[in-house]
Amino acid sequence: WFERSLERSEEHMGMVRRNLRGAGLPEEFAYLAFVESGYSTTAESPAGAVGLWQFMAPTARDFGLVVNNQVDERTDPKKSTEAACKYIKQLYNLYNSYMLAMASYNTGLGRIRNALMRMDVIEQNRFWYLVKNDMLHEETMEYVPKIMAAMIIATDKAKFGFAAGFANK
C-alpha cells in the first residue's frame, strides 16, 4: 500500500505542496492526504468520505466543493486541495497547533474541542497530553503519528527500502 501510494503521490505532490505554501501552511500537510487516501482521487471510505483529502459531503460543501448527483468535486485533485487548505488553515487558526489541526481533520471539530475542555491543565503539547490521557479515539491517537511516519519515510525512501521516484518538489 505504501509503495503504491508513493507512486500515486508523484502526480499530485507538487501541486499539493504549492497550494499549501500559498495558504501559508507547512508543506508537510501533504502527508495528511497520503495517510487519508494514499493519493487516490477515487478513494472512498466506508463512512462516505471521498477523494485525496477524504472529505465528507457536508464538509466539502462547507469549503466550496460541489457534491450532488451529477458532480462530486471531492475527486478533483486541484479543487479538493484548495478546499483542504482552507479547512486546515481554519483548524490551525482555531487551535494554534498543527498537531491538533491534523487530529481535528481526522475526528472532527467537536471531539477535539470537547477533549480540550476536559483537560485539567494548560498543556503546551496538548495533542500528546490528550493521547497520554486516552482522551481521543484510538484512530485519532494513531493518525498524527502515521502522518509523521509517512513524512519521515518519504524523506529518505531508500533508507526504508522504497524506490526513489517519490516527488519531493
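Our structure's up above, just so we're on the same page.
Residues numbered from 1 in each chain as written. Predicted model: local features only at pLDDT ≥ 70, side-chain atom pairs only at ≥ 80, totals over all residues. Heavy atoms only, no water.

Asks: If you had to explain the packing of aromatic side chains to someone new, which residues and values would you point to?
Replies: Enumeration over the complete set of coordinates arrives at 12 aromatic pairs. A ring pair is formed by Tyr-87 and Tyr-105, whose centres lie 5.2 Å apart and whose planes are at 45°; its orientation type is tilted. In this pair, Tyr-87 sits in helix H4 (residues 77–95) while Tyr-105 sits in helix H5 (residues 98–107), placing the two residues 18 residues apart along the sequence. Note on Tyr-87: relative accessible area 9%, which makes it buried. For the pair Tyr-92 and Tyr-98, a centre-to-centre distance of 4.2 Å together with 15° between the ring planes defines the contact as stacked. Here Tyr-98 falls in the partly exposed class, since its relative accessible area comes to 32%. Put simply, the rings of Trp-1, Phe-2, Phe-34, Tyr-39 and Phe-162 touch in pairs and so form one group of aromatic residues. (Phe/Tyr/Trp six-rings, centres within 6.5 Å; stacked < 30°, edge-to-face > 60°. Helix = DSSP H or I, 4+ residues; strand = E, 2+ residues; numbered from the N terminus. Buried < 20%, exposed > 50% of the residue type's maximum accessible area, 1.4 Å probe, protein only.)

Asks: Please set out H4 residue by residue, giving values where relevant.
Replies: Helix length check: H4, at 19 residues, gives a terminal C-alpha distance of 26 Å against a target of 27 Å (1.5 Å per residue), a fit within 8%. Summarising the contacts, the buried residues of H4 are in contact with helix H1 (2–22), helix H2 (30–37), helix H3 (57–62), H5, helix H6 (109–118) and helix H7 (126–132). Where H4 begins, the side chain of Asp-76 points an oxygen toward the backbone nitrogen of Lys-78, at a separation of 3.0 Å. Asn-96 lies just past H4 and shows a positive phi near 55°. (Expected span 1.5 Å × (residues − 1). Contact = heavy atoms within 4.5 Å. Polar contact = N/O pair within 3.5 Å; in protein donor to acceptor, adjacent residues only side chain to side chain.)

Asks: Account for the environment of Pro-145, naming residues and giving values.
Replies: Topologically, Pro-145 is positioned in helix H8 (residues 138–155). Pro-145 sits in the partly exposed class, given a relative accessible area of 30%. Sequence-wise, Pro-145 and Met-99 are 46 residues apart; in three dimensions their C-alpha atoms are separated by 9.4 Å. When residues no more than four places from it in sequence are discounted, the contact partners of Pro-145 are Phe-127 and Trp-128.

Asks: So what's going on with the pattern of salt bridges? Which residues, and what values?
Replies: Counted according to the given criterion, the structure contains 5 salt bridges. Where Glu-27 meets Arg-17, a salt bridge forms, and the shortest distance between an N and an O atom there is 2.9 Å. Linking Glu-27 in the loop between H1 and H2 with Arg-17 in helix H1, this pair joins segments that are 10 residues apart in sequence. Residue classification places Arg-17 among the buried positions, given a relative accessible area of 9%. Its salt-bridge partner being Asp-72, residue Arg-74 comes within 2.7 Å of it at the nearest N-O pair. A relative accessible area of 24% means that Asp-72 is categorised as partly exposed. (Salt bridge = Lys/Arg side-chain N within 4 Å of Asp/Glu carboxyl O.)

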